[in-house]
Amino acid sequence: MSDDQRRSRSVPAHHRVSVLGSFTLAQSGTTVPLGVDERRLIAYLAVHPRPQERSALAVDLWPGVDASAALHLLDEAVAGIGVPGLLDETDGNGPLALAADVEVDLAEAMRLLRTIADVPDAPRPDLALLAADILPGWTAPWIAVERERFRQLRLHALEELSLRCSAAGRYADAVEIAEMAVHSAPSRESARRALIEAHLAEGEVAAAVAAYDEYRELLRSSVGPAPSGLENLLPPTPAWPVLRVRRPVQRVSAQVPTGRRP
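Along each chain, residues carry numbers from 1 onward, in the same order as the chain's sequence is written. With the structure being a predicted model, the display of local features is reserved for residues of pLDDT at least 70 and the display and counting of side-chain atom pairs for 80 or more, all residues being used for whole-chain, interface and lining totals. The side-chain values count all of the structure's non-hydrogen atoms but skip hydrogen atoms and water molecules.

Asker: What is the right way to read the overall build of the protein chain from this model?
Answerer: Helices and strands together make up the secondary structure of the protein chain, namely 9 helices and 4 strands. Going along the chain from the N terminus, every DSSP run of H or I of four or more residues is numbered as a helix, and every run of E of two or more is numbered as a strand. In sequence order, the secondary structure elements of the protein chain are arranged as α-β-β-β-α-α-α-β-α-α-α-α-α. Each residue is assigned to one of three classes by its accessible area relative to the maximum for its type, calculated with a 1.4 Å probe on protein chains only: buried under 20%, partly exposed between the two thresholds, exposed over 50%. Residue burial in the protein chain is summarised as follows: out of 262 residues, 39% are buried. Counting contacts in the protein chain only where the partners sit at least 6 residues apart, residues at least 24 apart contribute 55% of the total. Note on definitions: a residue-residue contact is assigned when non-hydrogen atoms from the two residues lie within 4.5 Å.

Asker: Could you clarify how one ought to interpret helix α4 (residues 67-81) in this entry?
Answerer: Each turn of an α-helix holds 3.6 residues, which means side chains three or four residues apart point in the same direction. In this model, α4 (15 residues) spans 21 Å end to end at C-alpha, consistent with the 21 Å of a helix rising 1.5 Å per residue. Listing the buried residues of α4 in full gives Ala 70, Leu 74, Ala 77, Val 78 and Ile 81. Projected onto a plane normal to the axis of α4, the buried residues spread over an arc of 100° and lie on a single side. Turned more than 90 degrees from where α4 packs its buried face, Ser 68 and Ala 79 sit exposed. Gly 82 sits one or two positions beyond α4 and adopts a positive phi of about 60°. To estimate how far a helix should extend, the number of its residues minus one is multiplied by 1.5 Å. This arc describes the spread of directions from the helix axis toward the C-beta atoms.

Asker: Where do I start with the layout of surface pockets in this structure?
Answerer: A probe as big as a water molecule, rolled over the atoms, marks out the empty space that is left. There is about 480 Å³ of room inside the largest pocket. The pocket and cavity definitions rest on a 1 Å grid over protein atoms only: a 1.4 Å probe that fits but cannot leave marks a cavity, an open set with protein on both sides within 12 Å along at least five of seven lines marks a pocket, and residues lining either have an atom within 4 Å of a point. Forming the walls of the largest pocket are 23 residues, and the residues nearest its centre are Ala 46, Val 47, His 48, Pro 49 and Ala 107. Where the lining of the largest pocket is concerned, the elements lending two or more residues are α2 (36-47), β4 (103-104), α5 (105-115) and α6 (141-167). Ranked by the residues each element gives to the lining of the largest pocket, the list is headed by α5, at 6 residues. Class assignment for the residues of the lining of the largest pocket results in 16 nonpolar, 1 polar and 6 charged. Grid points are joined across faces, edges and corners, and a volume is the space filled by probe spheres set on the points. Charged means Asp, Glu, Lys or Arg here, nonpolar means Ala, Val, Leu, Ile, Met, Phe, Trp, Tyr, Cys or Pro, and polar covers whatever is left, Gly included.

Asker: What exactly am I supposed to notice about the confidence of the model for the protein chain here?
Answerer: The predicted structure's coordinates, where accompanied by low pLDDT, should not be read in detail. The predicted model of the protein chain averages 81 in pLDDT, with 76% of residues at 70 or higher. Long-range and interchain partners of residues 1-10, a stretch whose pLDDT sits below 50, account for 2 contacts in this model, where long-range means more than four residues apart. Under a pLDDT of 50 for its full length, residues 238-260 has, in the predicted model, 11 contacts with residues more than four places off or in other chains. pLDDT is a per-residue confidence score from the predictor, ranging from 0 to 100.

Asker: When you look at the pattern of salt bridges in this model, what are you seeing that I'm missing?
Answerer: A side chain with one charge may pair with a side chain of the opposite charge, provided their charged atoms come close. Counted as salt bridges are all cases of a side-chain nitrogen of Lys or Arg within 4 Å of a carboxyl oxygen of Asp or Glu. Counting across every chain of the model gives 13 salt bridges. One salt bridge connects Asp 37 with Arg 40, and the closest N-O pair in it is separated by 3.2 Å. With Asp 37 and Arg 40 both in helix α2 and 3 residues apart, the pair spans about one turn of that helix. In this structure, the salt-bridge partner of Glu 189 is Arg 193, at a minimum N-O distance of 3.2 Å.

Asker: Help me understand the nonpolar core, please; the structure alone is not making it clear to me.
Answerer: The nonpolar side chains of a soluble globular protein tend to be buried, and buried together. Within the largest apolar cluster, 67 residues are counted, with the highest numbers of intra-cluster contacts made by Val 17, Phe 23 and Leu 98. Secondary-structure elements contributing two or more residues to this core are α2, α3 (54-61), α4, α5, α6, α7 (171-184), α8 (189-202) and α9 (205-223). At 8 residues, the largest contribution of residues to this core is made by α6. Sequence-distant contacts of Val 17, that is, excluding residues within four places in its chain, are made with Phe 23, Thr 24, Leu 25, Ile 42, Ala 46, Leu 98, Val 102, Glu 103, Val 104 and Asp 105. Residue types Ala, Val, Leu, Ile, Met, Phe, Trp, Tyr and Cys, when buried and joined through side-chain atoms within 4.5 Å, form a set referred to as a nonpolar core.

Asker: How do you make sense of unusual backbone geometry when you look at a structure like this?
Answerer: If a residue is not glycine, its phi is most likely negative; likewise, a peptide bond is most likely trans. Unusually for a residue other than glycine, Ser 28 sits at a positive phi of about 55°. Considering the arrangement of structural elements, one finds Ser 28 in the loop between β2 (24-27) and β3 (30-31). Its identity as a non-glycine residue notwithstanding, Leu 135 has a phi of 40°, on the positive side. Positionally, Leu 135 belongs in the loop between α5 and α6.

Asker: What am I meant to see in the packing of α3 against α4 here?
Answerer: The relative placement of two packed helices comes down to the angle between their axes together with the axis-to-axis distance. Following both chains from N to C, one finds α3 and α4 inclined at 95°, their axes separated by 8 Å at the closest point. Relative to α4, α3 is oriented roughly perpendicular. Contacts between α3 and α4 pair Arg 54, Ser 55, Leu 57, Ala 58 and Leu 61 from the former with Ala 70, Leu 71, Leu 74 and Asp 75 from the latter. A per-class count over the contact of α3 with α4 returns 6 nonpolar, 1 polar and 2 charged. Only the contacting stretch of a helix is used when fitting its axis, a line to C-alpha atoms as for every element, and angles between N-to-C directions run 0 to 180 degrees. These descriptions rest on fixed angle ranges, namely under 35 degrees for roughly parallel, over 145 for roughly antiparallel, 65 to 115 for roughly perpendicular, and the rest for oblique.

Asker: Explanation requested: the sheet that holds strand β1 (residues 15-18) in the structure shown.
Answerer: Two pairing modes exist for strands in a sheet, parallel and antiparallel, and in both the strands are linked by backbone hydrogen bonds. Paired strands, as defined in this entry, are two strands with at least two bridges between them according to DSSP. Taken together, the 4 strands give an open sheet; going across it, the order is β3-β2-β1-β4, and neighbouring strands pair in mixed fashion. Each of the sheet's edge strands pairs with one partner strand only, and the pair in question is β3 and β4. Taken together, the 4 bridges between β1 and β2 define a ladder with antiparallel strand orientation. What sits directly across from Arg 16, in β2, is Ala 26.

What follows is the structure, encoded as structure tokens:
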């Protein structure tokens, strides 16, 4: 046995599961190919970090399938993974979970959300974890609730962080973070409001008006005429320019005075 082989056996494998944007299982930096059922099982355990009872897990992964058949499919998926150290299987028939040392990008994103309020007072962290939804192309019912929950959490966090950065004088960060929220949810009014307010805080009135007009055009093209209250998206303040439409001046033709009364 070579020295490299001895070292590879002595050093435990490093596992990382990614579910934000797309699914990936990497072992020591190398992507592990998996079957469809194996991918779904690992993704489910990554999204639900607590140990999952096998019967409930099988029903969620294979809805509409007989309970005993679903459990059989679950056992086959567990056996088909074939990645030592990935699953916590202290009991062969007990609950299933990922091993404690497995890294999951969603778990890292949730930890970032819990500490994001301190960002304006510290160096800005990598916010790439808040740029994508949970497995956006997957349509399984079990994932829809968790996807929307995480989406709302990260959008609220980005909007709040943009406002905090503006208040701290970090205008470039405020604009960039608000643009992340707008990119994730273009029709979300609170995200557009955060972007406009970031531009106004920076003193970029033209950019704020452009963002406002872009949002109006998006609504007009997607839902028809813009709502009547859209003009008041931002209440007029000393910082917000009140744009009024110039009305054409009615021209009165001059008449030669005569002796007749009008």
